[in-house]
Amino acid sequence: MKNFYNAALMLVVFFAFQISAFSQKEHGSKSSDNSKNVELAFYKNTDDPITAETVDYFVELTNNSGKPQVFQIRGEMISCDDASLESSDVKFEILDKNGAPLKLIKTSENQRVQFIVRTTKPQLNKTSWSCIQIHAKSDSSSQQNFASILIKQLNPGASNFK
């Protein structure tokens, strides 16, 4: 009986560690900023459980330049390069705060603007990762005002919910 309790305790500790490790990868990241004039950061909607079919990530673009800017916003699926689990594609869309599709953001000098990256998970048999790279590039300059972030999402397989 003591071995059963020890095994159950170890299992609970293992799952708590896994949840903590996975949640930290999803709950925020700062941009890989090529200039100090623009930054991207994101956080996950905490109301969306990991098992939700759709998940919203709130992205914040900060224009640190001293002048108004127009940024092109785009996203792409990339390989997660995580050997522990397979990569899987999810559908995603980039939306403004009202839920309309978004491709451009106009900002004033030193302004922050929020938008949403909404993912929709496919029906998966196995647990996997999905990685979405979000880019913001200023229309008014070449590569000087450019930033990107990586949103890495855990997709629990259907077998985990039976």
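The structure under discussion appears in the preceding block.
From a predicted model like this one, the values you see are computed outputs, not experimental measurements. (Residues numbered from 1 in each chain as written. Predicted model: local features only at pLDDT ≥ 70, side-chain atom pairs only at ≥ 80, totals over all residues. Heavy atoms only, no water.)

### Considering the overall build of the chain
The test is simple: Helix and strand definitions here come from DSSP, where helices need a minimum of 4 consecutive H or I residues and strands a minimum of 2 consecutive E residues; each element is numbered from the N-terminal end. The buried label goes to any residue with under 20% of its type's maximum accessible area, the exposed label to any with over 50%, and the partly exposed label to all in between, with areas taken from a 1.4 Å probe on protein chains only. Only heavy atoms matter for contacts: two residues are in contact if any of them lie within 4.5 Å across the pair.
Of regular secondary structure, the chain possesses 1 helix and 11 strands. From first element to last, N terminus to C terminus, the chain shows the α and β order α-β-β-β-β-β-β-β-β-β-β-β. Burial statistics for the chain: of 162 residues in total, 36% are counted as buried. Partitioning the intrachain contacts of the chain with sequence separation of at least 6 by distance along the chain shows that 67% fall at a separation of at least 24.

### Points about the side chain of Asn63
Inspection of the secondary structure assignment puts Asn63 in strand β4 (residues 54-63). By relative accessible area, Asn63 is classed as buried at 0%. In this structure Asn63 touches Asn37, Pro68, Gln69, Phe71, Thr107, Ser108, Glu109, Asn110 and Gln111, once residues within four positions along its chain are discounted.

### Some remarks on the nonpolar core
Quick reminder of the rule: As used in this record, nonpolar core signifies buried Ala, Val, Leu, Ile, Met, Phe, Trp, Tyr and Cys residues forming a set joined through side-chain atoms within 4.5 Å.
Ranked by internal contacts, the top residues of the largest apolar core, which has 23 residues, are Leu40, Leu61, Ile73, Phe115, Val117 and Ile134. Among the elements of the structure, β3 (38-44), β4, β5 (69-78), β9 (112-120), β10 (128-138) and β11 (146-155) are those that each provide at least two residues to this core. Ranked by residue count, the leading element in this core is β4, at 4 residues.

### Examining the packing of aromatic side chains
Quick reminder of the rule: What counts as a ring pair is set by centres within 6.5 Å for rings of Phe, Tyr and Trp (its six-membered ring), and what kind of pair is set by the plane angle: stacked under 30 degrees, edge-to-face over 60, tilted for all other angles.
As enumerated under the stated definition, the model contains 2 aromatic pairs in all. Here Phe42 and Tyr57 contribute two aromatic rings whose centre-to-centre distance is 5.9 Å and whose plane-to-plane angle is 75°, an arrangement assigned as edge-to-face. With Phe42 in strand β3 and Tyr57 in strand β4, the pair connects residues that are 15 residues apart, well separated along the chain. Per residue, the accessibility class of Phe42 equals that of Tyr57, and both read buried.

### Focus on the state of the cysteines
We apply this condition: A pair of cysteine sulfur atoms is labelled a disulfide when the two atoms are within 2.5 Å.
In total, this model carries 1 disulfide according to the counting rule given. Each sulfur in the disulfide pair Cys80 and Cys131 lies 2.1 Å from the other. With the S-S bond torsion at 125°, the cross-link from Cys80 to Cys131 turns out right-handed. One end of the pair, Cys80, is in the loop between β5 and β6 (86-87); the other, Cys131, is in strand β10, with 51 residues separating them in the sequence.

### Side note on the pattern of salt bridges
Worth spelling out the cut-off: Within this document, salt bridges are pairs made up of a side-chain nitrogen of Lys or Arg and a carboxyl oxygen of Asp or Glu, the two lying within 4 Å of each other.
The final tally for this structure, using the stated rule, is 3 salt bridges. Between Arg112 and Glu60 there is a salt bridge, with the nearest N and O atoms lying 3.8 Å from each other. Taken as a pair, Arg112 in strand β9 and Glu60 in strand β4 lie far apart in primary sequence, 52 residues in all. Looking at Arg112, the relative accessible area reads 57%, which means it is exposed. A salt bridge links Glu76 to Arg74; its shortest N-O distance comes to 4.0 Å.

### Some remarks on the environment of Asn155
Following the sequence through the fold, Asn155 ends up in strand β11. Taking the relative accessible area as the measure of exposure, Asn155 reaches 0% and is therefore buried. Expressed as a C-alpha distance, the spacing of Asn155 and Asp89, which sit 66 residues apart in the sequence, is 9.7 Å. Leaving out residues up to four positions away in the same chain, Asn155 has contacts with Ser88, Val90, Lys121, Leu124, Lys126, Thr127, Ser128, Trp129 and Ser130.

### With respect to unusual backbone geometry
Here the phi dihedral of Asn110 falls at roughly 55°; this positive angle occurs in a residue that is not glycine. Position of Asn110 among the secondary structure elements: in the loop between β8 (104-107) and β9. Among the residues examined, Asn110 registers a relative accessible area of 54% and is labelled exposed.

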